[in-house]
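Chain by chain, the residues:
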Amino acid sequence: MGSRSMVEQIALQRSNRELQYAQNERIGVIVVDNFPALGTLTALRFLEWVQTNPEGLISLPTGRTPEFFIKEVQRLLHGWQTANGCAELEAAGIDPAVKPHLNGLRFVQIDEFYPINPRHHNSFYHYVQKYYIDGFGMDPARALLINCEEIPLPGDAGLEEFWQDQPIDLELRYRNPRGRREELERQAIYHIDRWCIEYEDRIRALGGIGFFLGGIGPDGHIGFNVRGSSMYSPTRLTEVNYETQAAAASDLGGIEVARKRLVITIGLQTISFNPDCVAIIMAAGEAKAPVVQRAIESPRDIEVPATALHALPNARFYLTRGAACRLSRRRFIDFQERDPFEREDFERIVIDLSLERQKPIRDLTERDYRGDPLGRLALQRSKGGVKELNRSVIDSLVARIEAGMHNRSNTRFLHTEPHHDDIMLGYLPSVVRNIREHSNHHHFATMTSGFTAVTNAYVLSVCRKLQRTLQTRREPWRRLLGSGYFEDDRYRDHDVWIYLDGLAAVSTELQDEGTLRRFFRDLVTVFDELDIDDIEQRNNELINYFQTQYPGKKDLPYIQQLKGMCREWESACLWGYFGWDNRAVEHLRLGFYQGDIFTEEPTVNRDAVPVVDLLERVAPDVVTVAFDPEASGPDTHYKVMQAIAEGLRIYAERNGRDDLTIVGYRNIWYRFHPSEANVYVPVSLNMLTLQHSSFMHTYISQKDASFPSYEHDGPFPELAQRIQVRQYDMLQTCLGREYFYEHPSAMIRATRGFVFLREMDLAEFGRHSRELKRRAENR
């Protein structure tokens, strides 16, 4: 189907799969092993297309999705005429004798927020200029870009002057305006609509898009064509749904800003106008698998906008294994090729069959198995019959619950997390249970500064509280400063205990006292000031800064440091809940985390060595890791995992420690299938209440959910609870209600949720991780 591509043919040979399984799939699919390989394949196909279309019209994505695509295009072009470069190109199906030049291409910007200043670094206009026009050496005169300032407004008003950060009411297209202001806004909307028509006309006059690359949103959207968009939609000004606003929150500086923004986007018909368009959708990680399956296997439907690409013979989905794991025929072939079946293979099939049929495993019959392709396969591979297979999976699930009921003793734990709330949202019930055994030692380490999760509005509110405090209680604070309180690290924990006293007493005054002491301490550290007048001046400067910066702008390094300290304070308060002090809580602030849209790759010396030093000091028996080998969640999780994996490898080799247990956890961004986890930790209503309460009282900068999940419009602990309850429901279906309701243990009778964990040895964990050293040596 479609045009022949040597790059795709070779990629298909390597994957040992067909391009399309017509029985289930309505579009071509190519699967690769991991996230970086996805970028490489996409870059190779793009450069192959440019070789034969040197003046073609292209449209490339913004955001974090194309990170490895952009890097790989630049790497391949830079090494084109080297011996290694030629060999790589030839092996991938590209003729190295024809080096593509990108300056002859024409470019179409896919979408943009509206209104947004095009000079702001979080505008897609700026992104396109930086990474494609400048980064690829393209000719700006040959680009169609969405510059919001160039779209005329009534009276030639400026963009920010006219809209003043107020919501835009698109109903004014159809209803009569109420007053002069609404009349002007309706005129402005009509101006934008005319501009969109002209943009669409210019694209079509050029023959339409020849090469389109995009990601896929949680609702199946392409560009900003969200669920419900017409298959025949053109370029337009439109609203977006909550899922898309949540995904855009990190770009815009918070969901509060995203809710006010409209978007300008090319339409689904714009993309498919050219019947020869090579349209590629790339997706990585198992979290994308459900929407990927719908986009590939469902008929064309407005509920899944990506199905619009079914009409294009050259359209493709490029996927990692995780993103492709729900594609029906491929999933069957994957299982069929496994010989022998592992225990986990049987368990996954039987659990899925139980959940699909909504009946306990004990009640699954031979008819149930034979009515399902994978069920039939499991029966063929099983050494026993249905009863034996059912019993083996039931016994395995029960053993995992019993493992979750067990507490370790005389154990040294090193709990790691990419961000400051990942442990709490991932497996707090397990932490609390093992804290209760007093022979255990616990150490908590956050790997990154996490400053991007702190809004300007939050820090501004703290600055204003400190300003008022210094105006009304100056002398007590001057004496406190003079006593050495803010210079002596012994008193860092006093800040925490004061705050927690305030929680216990329901005293906002005491809570503010603890918070402001820590914030004042942070100002002393950041600015190296010990005079109260100087600190007050610095605080006033910060107020001015946060009042004047646009949300989403990359902060100056010292602002990043200060925001990170706000998160570190919250983490100290959480673990202070359970009595852990400054000696047990630390923050590595790994250097790859810079606040750029593309987080840097970890390196050995900068990022793995600090992990080794941490391991040497703590000497743990158990190390917990946010386990995300395919970048299903935030890319920080994936890259922290690589840094920890390399640190563990070096530490184990240096100290002969092959006895470490690695506990992989996941949280709101990504989940284990029950067959993947081997420890199920019971969660009671009491623990759910503690989980929610402790988050809302300690992670103050996060309780308004400025950077929420697309799955839930609210604070993260609510989503964590929903996930844990869902996991309980899954086990209740598999084992039957009676197992829980009539269990001899009060702990299980009280269970209303589960945390899923995967315990591994070092060797298994290493198999799931890309080796950092190999990546670094290949640069």
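Residues numbered from 1 in each chain as written. Predicted model: local features only at pLDDT ≥ 70, side-chain atom pairs only at ≥ 80, totals over all residues. Heavy atoms only, no water.

(A) Spotlight on the packing of helix 21 (residues 508-527) against helix 23 (residues 557-576). Running from N to C, helix 21 and helix 23 cross one another at 145°; their axes reach a closest spacing of 10 Å. At the point where helix 21 passes helix 23, the crossing takes the right-handed sense. Of the residues in helix 23, those touching helix 21 at Gly514, Thr515, Arg518, Phe519, Asp522, Leu523, Thr525, Val526 and Phe527 are Tyr558, Gln561, Leu562, Met565, Cys566, Trp569 and Ala572. Per-class residue counts for the contact of helix 21 with helix 23 are 10 nonpolar, 4 polar and 2 charged. (Axes fitted to C-alpha atoms, helices over the stretch in contact; angles between N-to-C directions. Helix = DSSP H or I, 4+ residues; strand = E, 2+ residues; numbered from the N terminus. Left-handed = near helix turned anticlockwise from the far one by under 90°. Contact = heavy atoms within 4.5 Å. Nonpolar A, V, L, I, M, F, W, Y, C, P; charged D, E, K, R; others polar.)

(B) View of the sheet that holds strand 5 (residues 143-144). The sheet built from 7 strands is open, its strands ordered 1-10-9-6-2-3-5 with parallel pairing. A single partner strand is all that each edge strand has here, and the edge strands are strand 1 (28-32) and strand 5. Judged from the 2 bridges that link them, strand 3 (residues 106-108) and strand 5 form a sheet pairing that is parallel. Bridged to Phe107 within strand 5 is Ala143. (Pairing = 2+ DSSP bridges.)

(C) Expanded view of the environment of Glu738. Residue placement: Glu738 occurs in helix 28 (residues 737-741). Classification of Glu738 as partly exposed rests on a relative accessible area of 40%. In the structure, Glu738 is positioned 191 residues away from Gln547 in sequence and 58 Å away in space, judged by C-alpha atoms. Among residues more than four places away in sequence, those in contact with Glu738 are Arg362 and His743. At a separation of 3.4 Å, a polar atom in the side chain of Glu738 contacts the side chain of Arg362. (Buried < 20%, exposed > 50% of the residue type's maximum accessible area, 1.4 Å probe, protein only. Polar contact = N/O pair within 3.5 Å; in protein donor to acceptor, adjacent residues only side chain to side chain.)

(D) Inspection of the packing of aromatic side chains at higher detail. Under the counting rule described, the total for this entry stands at 43 aromatic pairs. With a centroid separation of 6.1 Å and 75° between ring planes, the pair formed by Phe35 and Tyr638 is classed as edge-to-face. Taken as a pair, Phe35 in helix 2 (residues 35-52) and Tyr638 in helix 25 (residues 635-655) lie far apart in primary sequence, 603 residues in all. Relative to Phe211, the ring of Phe46 has its centre 5.2 Å away and its plane inclined at 65°; by these criteria the two rings are edge-to-face. Here Phe211 lies in strand 6 (residues 211-214) and Phe46 lies in helix 2, a separation of 165 residues in the sequence. For Phe46, a relative accessible area of 0% translates into the label buried. When its relative accessible area of 0% is taken as the criterion, Phe211 is described as buried. Through pairs of rings, three or more aromatic residues link up here, namely Phe46, Trp49, Phe69, Phe107, Tyr127, Tyr131, Tyr132, Phe136 and Phe211. (Phe/Tyr/Trp six-rings, centres within 6.5 Å; stacked < 30°, edge-to-face > 60°.)

(E) A look at the packing of helix 24 (residues 604-618) against helix 25. Their axes nearest at 8 Å, the elements helix 24 and helix 25 cross at an angle of 55°. Here helix 24 lies oblique to helix 25, going by the angle between them. In this structure, helix 24 crosses over helix 25, and the sense of that crossing is right-handed. Across the interface between the two elements, Val604, Asp607, Ala608, Val611, Val612, Leu615 and Glu616 from helix 24 touch Ala643, Ile644, Glu646, Gly647, Leu648, Ile650, Tyr651, Arg654 and Asn655 from helix 25. When grouped by side-chain class, the residues that make up the contact of helix 24 with helix 25 number 10 nonpolar, 2 polar and 4 charged. (Parallel < 35°, antiparallel > 145°, perpendicular 65-115°, else oblique.)

(F) Fine view of the sheet that holds strand 4 (residues 111-114). The strand order across the open sheet built from 3 strands is 4-8-7, with neighbouring strands paired in antiparallel fashion. Lying at the two open borders of the sheet, with one neighbouring strand each, are strand 4 and strand 7 (236-238). In this sheet, adjacent strand axes meet at a mean angle of 25° when their direction is disregarded. Bridge count between strand 7 and strand 8 (residues 262-265): 3 bridges; the pairing is antiparallel.

From the geometry alone we can't say anything about function, so treat these as descriptive.
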